Structure formats: structure tokens, C-alpha cells
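Reading the structure
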Amino acid sequence: MYGKLREHLQNELSQIREAGLYKNERVIISSQDAVIRLESGVTVLNFCANNYLGLSNHPDLIDAAKSALDSHGFGMSSVRFICGTSDLHKELERKIAEFFGTEDTILYAACFDANGGVFEPLFSEADAIISDSLNHASIIDGVRLSKASRFRYNNADMNDLELQLRKAEDARFRIIVTDGVFSMDGNVAPLDEIIRLANKYDALVMVDECHSAGVVGATGRGVTEKFNVRGEVDIITGTLGKAFGGAIGGFTTGRKEIIELLRQRSRPYLFSNAIPPSVAGAGIRMFEMMAETSELQTRLHQNTEYFVSRIREAGFDIKPTKSAICAVMLYDAKLSQEFASKLLEEGIYVTGFYYPVVPQGQARIRVQLSAAHKTEHLDTAIAAFIKTGKELGVLK
Ligand SMILES: *Cc1c(COP(=O)(O)O)cnc(C)c1O
């Protein structure tokens, strides 16, 4: 029987290759950092990790993880409600709620699971979910798992959101769902406007802070800090896999009854293993660091401002950004790939994105800044961008 499926899969795979859409994975043999070593032996400056605060390799987090390994062992071997809850999980959940100014938190193995498990227990046929068109794949999948009616509004388009809210007026409960930062452009959701419309149309609000938590806002509390609406959002989801150390783990934080019900009914929580003690221990230490100082945010914001302003001055076309993501627009898919491979030769690791990850004709290089970048790293990258831009005729 496999013979037929094999043939089918071989066909699919060659179509992916022929379309130029085959994803090859570059192998890193060092730790994740501003400077990384690739399998080929070359050392490059890394501008495509979600390591926004440079915590992926932070000595304090490594120490905290080691000490949790010593005190609590390697694995939990259980889901939370059977025998997978440790004091470290409880403390981490409290720390996350303190950080966001929310009432309670539930941990998941990843934010993909948090988003996958949030809608189905809370909303049914009688309800409506109104979702931004550029929301993350995990939100789209999570919404599909619920029986609620679905409405979609154009990215950050408040007129369209209002139109959809009107269409959903008959629903029992309505919830507006948005990413905090949209990862391909680096723009933020207009949360002040979203909350105004939510109040007008009696809707709940959910924000996915994966690319914004730790990054956006003077102290990195995310888009609720940026728009001064802490405590006004009903549900926040996020990840420990990006700015917050980059290992693994997701969470939903918000109103206490919502979290309480998720602990009873959310399938990725009830039927999947608890995160390991080392990850919880390092997470606790990480949130303590966040409470002590916001110097990493200050450095990240300075680095972003420095890079973006110089790239713009050089004549590149960049998307307006409000995050640590800088999308350098090249429009042509092939050009984006050529640009990225020339940059790699210059020792700068970035990724070129093209359709279907971004709309047709909107190919780009996405640069992600980090607090771990030193000024000389930024200068090296800027010089390489300018050199490559001239060579490929993007700059005059
Ligand atoms: C990365 C990301 C996720 C998934 O987070 P994981 O913890 O890696 O599963 C979910 N939502 C958004 C917006 C993301 O950027």
C-alpha cells in the first residue's frame, strides 16, 4: 500500500522543489546568540532569531535551569491534573500573571497549544469569533476547533472590524482576537481602538503577545503597556519560546474564571505533558529579572531605532515597524533569496520571505533585532545591506 502513497509524496515534494518553495534547514552548532557558528564552520551574525532580549544563552537562566534539574529532576512524566504539577509550575504561573497584570495563568507546552486550546472550551455555536486576517496559524487552527461563527477583518483595519462586529451582533458572546505584533511587517495591533470598539459592541478581547511580550512597551509588558490598557484585555496568550529565553512553553493569562475553566476543559492542557522543571525554573528566574530591570528592553529599543533609521537613510524601502522586526521590502521573490544568500556570504544571517508566507509580490528580508547585538554587529550588518543593495541594483 505504501507504494502508492510514496509515489504521491514524491510528486508533492518535487512540486514543492520546482516551485522553489522547499525549506532547507541551516544547522547551527553553537548556542543561540548574536554570533553563531554554522555546520559549515563559518561564524555569522544572527539577525533572524526570536532572541529579542538575548536570553537564549543567558548565564542566570542556565544556572536556574541547572538548579531546577538538581532539585526537581528531568521530567514530569504526567499531565498537570494527574501528578504533573510542581511548585515551580505554580510559581511560574503567578509570575506571568504579575508581569501582565492579570488574575491567573495556565501553562501549556507551547503557545501553539495555548491558542489551540482556548476557543473550544469557551465558545459554542451561539458565539462569534472575530479574527484579524494576519493572525498566527495557531489562532486560525484554534478557531477552527470551536463551533462558534467566524468573522475575519482586514489586518488592523478598524472600519472592517466594526463592520464585522455589526454582523456578529446577534451572537451570545463576541470575542475580537488579534496578534499583538504581526510577525511579517512588525506592525502592532491598534489595541486602544480595538478596546473602544469592543466596549461599543459588547465584545471580549484576546491578544496573542508572542512577538510583543518582552519587546513592546517601555518595560516590555507588551501591547497592553504600549496602549496603556493593562487589565482591560480578557485573554492574553504568549510564549516562553521567543523573547523570554527561547526554550519552550506557552501560556494563557487573563480573567480568573476563564483560566479556571481552561484547566477543566482545555484539551492540549488535559492531554499533554507538563513542561519540564528546568524550563519552569528558568522561567521563574527570567520573570524575576524582568521585574528587577528593563535595561534589556532599553537596549533592544535603542538597537532597533539605530538599525531602522540607518537602513532607511541608506534608501531601503522598509515597512513601518513598532516592534523589533524590520521588514526590508524587495518585492521580488527571487531577489529576496539572492539578497539573503549574498548577505550570508558577508556573514549576516537573515531570511528572505516570499509567497505564500507573505502576499504575492511582497517579498522581503525580515531582520529581527536583539538586545544581544552590539553596535559593531549592527554596523557590520548595515554595511553588508548597503553593499549588497548596490550590487543587486536595489540601491542606486
Ligand atoms: C511563535 C508564535 C506562536 C507559537 O508559539 P510557540 O510557543 O512557539 O508554539 C503563536 N502565536 C504567535 C503570534 C507566534 O508568533
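These numbers come from a predicted model, not from an experiment.

A word on the sheet that holds strand β10 (residues 325-331)
One open sheet accounts for three strands, arranged β10-β13-β12; its pairing is antiparallel. One side of each edge strand has no neighbouring strand; the edge strands of this open sheet are β10 and β12 (351-353). Taken pair by pair, the neighbouring strands of this sheet meet at an average axis angle of 30°, ignoring direction. Sheet analysis places β12 next to strand β13 (residues 363-368), joined by three bridges and oriented antiparallel. Across the sheet, the residue bridging to Thr351 is Arg366, located in β13.

A few points about the environment of Asn273
Tracing the chain through its elements places Asn273 in the loop between α11 (267-270) and α12 (277-292). Classification of Asn273 as partly exposed rests on a relative accessible area of 41%. With 109 residues separating them in the primary sequence, Asn273 and Ile382 have C-alpha atoms 44 Å apart. For Asn273, the side chain forms a polar contact with the main-chain nitrogen of Ser78, separated by 3.0 Å.

A closer look at the domain arrangement of the protein
As assigned here, the protein comprises domain 1 (22-51 + 294-391) and domain 2 (59-292). Computed over C-alpha atoms, the centres of domain 1 and domain 2 are 27 Å apart. Roughly 1,500 Å² is buried in total at the junction of domain 1 and domain 2, and carbon and sulfur atoms are behind 56% of that figure. Joining domain 1 to domain 2, the criterion identifies two salt bridges.

A word on the pairing of strand β6 (residues 174-179)
Among the six residues of β6, six are classified as buried, and the element is accordingly described as predominantly covered. Here β6 shows two buried faces, one formed by Arg174, Ile176 and Thr178 and the other by Ile175, Val177 and Asp179. Alignment of β6 against strand β7 (residues 204-208), held across five bridges, turns out to be parallel. Bridge pairing links Asp179 to Asp208 in β7. Handedness of the crossover joining β6 and β7 through helix α8 (residues 191-200) is recorded here as right-handed.

Looking at the pattern of salt bridges
Throughout the structure, instances matching the rule amount to 20 salt bridges. For Lys90, the salt bridge is made with Glu93, and the minimal N-O distance between the two is 3.8 Å. Of this pair, Lys90 and Glu93 both sit in helix α4 (residues 87-100), three residues apart, roughly one helical turn. We classify Lys90 as partly exposed; its relative accessible area is 36%.

Some details on the sheet that holds strand β4 (residues 128-132)
In space, the seven strands of this open sheet follow the order β3-β9-β8-β7-β6-β4-β5, with mixed pairing throughout. Two strands lie at the open edges of the sheet, namely β3 (104-108) and β5 (149-153), each paired on one side alone. Strand-to-strand twist of the sheet, defined as the mean angle between neighbouring strand axes without regard to direction, takes the value 20°. Where β4 and β5 come together, five bridges link them in parallel fashion. Within β5, the residue paired with Ile129 across the bridge is Arg150. On the sheet, α8 packs against β5, β6 and β7 and is oriented at approximately 155° with respect to β7. Sheet strands in contact with helix α10 (residues 256-265) are β3, β8 (235-239) and β9 (250-254), and its direction is about 30° off that of β3.

What counts, and at which threshold
Residues numbered from 1 in each chain as written. Predicted model: local features only at pLDDT ≥ 70, side-chain atom pairs only at ≥ 80, totals over all residues. Heavy atoms only, no water. Pairing = 2+ DSSP bridges. Helix = DSSP H or I, 4+ residues; strand = E, 2+ residues; numbered from the N terminus. Axes fitted to C-alpha atoms, helices over the stretch in contact; angles between N-to-C directions. Buried < 20%, exposed > 50% of the residue type's maximum accessible area, 1.4 Å probe, protein only. Polar contact = N/O pair within 3.5 Å; in protein donor to acceptor, adjacent residues only side chain to side chain. Domains from an automatic or database assignment. Buried area = accessible area lost by both parts, 1.4 Å probe. Salt bridge = Lys/Arg side-chain N within 4 Å of Asp/Glu carboxyl O. Right-handed = clockwise from strand over helix to strand, strands pointing away. Contact = heavy atoms within 4.5 Å.

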